[in-house]
Amino acid sequence: RRSYLESKLTRGRRIAFDYGDARIGVAICDPDGILATPLPFLDSKHPKVMQHIADLFAEYEPIAIYLGLPKHLSGSDGEAVAKVESFASRLAEISSIPVRYVDERLSTVDAQRRLREAGKSAKDSKLLIDSMAAVAILEGGLARENK
């Protein structure tokens, strides 16, 4: 007999990215899709950023990629959507892992709240905010998968 979780999620890690011009937030979940954990952010401008991502794929072997889609609060596409779609194309060049977009509206606000609640200083938060936003994106994607 299968458990509730097994009936909803295919077992395997998922990885999430919060793409930005300067930094890419990264989060990974456990194979059961229960706990989303932030990883160190990546430098978007680093010449080997895609190699670093390929290394993450090799290390964690994710079965899905969640990518935050930066829409405006109204629901319309922001100018950053094209940049995220370009990043998704670059991901497709290095991996056949399916990419799923997740509405990332308010993910940064959620990340800031969580860091504040955890007692993190503004300086510490600056280093963690992108990956905590990726955690929010990952949790949103997992929740959608569970529906």
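Check the entry above for the structure.
One structure accompanies this document, and this report is about it.

## Regarding the sheet that holds strand β1 (residues 14-19)
Spatially, β3-β2-β1-β4-β5 is the arrangement adopted by the five strands of the open sheet, whose pairing is mixed. The open sheet has two edge strands with one neighbour each: β3 (36-43) and β5 (99-103). Averaged over all pairs of adjacent strands, the angle between strand axes in this sheet comes to 25°, irrespective of strand direction. Bridge analysis of β1 against strand β4 (residues 64-69) gives four bridges, and the strand direction is parallel. Residue pairing in the sheet places Phe-17 in a bridge with Leu-67 of β4. Packed onto the sheet, helix α2 (residues 49-60) meets β1, β2 (23-29), β3 and β4 and runs at close to 155° relative to β3. Strands β1, β2, β4 and β5 of the sheet are contacted by helix α3 (residues 80-94), whose axis makes an angle of about 165° with β4.

## Thoughts on the packing of aromatic side chains
Inspection of every chain in the model, using the stated rule, returns three aromatic pairs. For the pair Phe-17 and Phe-57, a centre-to-centre distance of 6.3 Å together with 70° between the ring planes defines the contact as edge-to-face. Taken as a pair, Phe-17 in strand β1 and Phe-57 in helix α2 lie far apart in primary sequence, 40 residues in all. Overall, the relative accessible area of 8% leaves Phe-57 in the buried class. Here the aromatic rings of Tyr-19 and Phe-87 are separated by 4.7 Å at their centres, their planes lie at 25°, and the arrangement is stacked. Of this pair, Tyr-19 sits in strand β1 while Phe-87 sits in helix α3, placing them 68 residues apart in sequence. Take Phe-87: its relative accessible area is 2%, and that puts it in the buried class. An aromatic cluster of at least three residues, connected via ring pairs, comprises Phe-17, Tyr-19, Phe-57 and Phe-87.

Cut-offs applied
Residues numbered from 1 in each chain as written. Predicted model: local features only at pLDDT ≥ 70, side-chain atom pairs only at ≥ 80, totals over all residues. Heavy atoms only, no water. Pairing = 2+ DSSP bridges. Helix = DSSP H or I, 4+ residues; strand = E, 2+ residues; numbered from the N terminus. Axes fitted to C-alpha atoms, helices over the stretch in contact; angles between N-to-C directions. Contact = heavy atoms within 4.5 Å. Phe/Tyr/Trp six-rings, centres within 6.5 Å; stacked < 30°, edge-to-face > 60°. Buried < 20%, exposed > 50% of the residue type's maximum accessible area, 1.4 Å probe, protein only.

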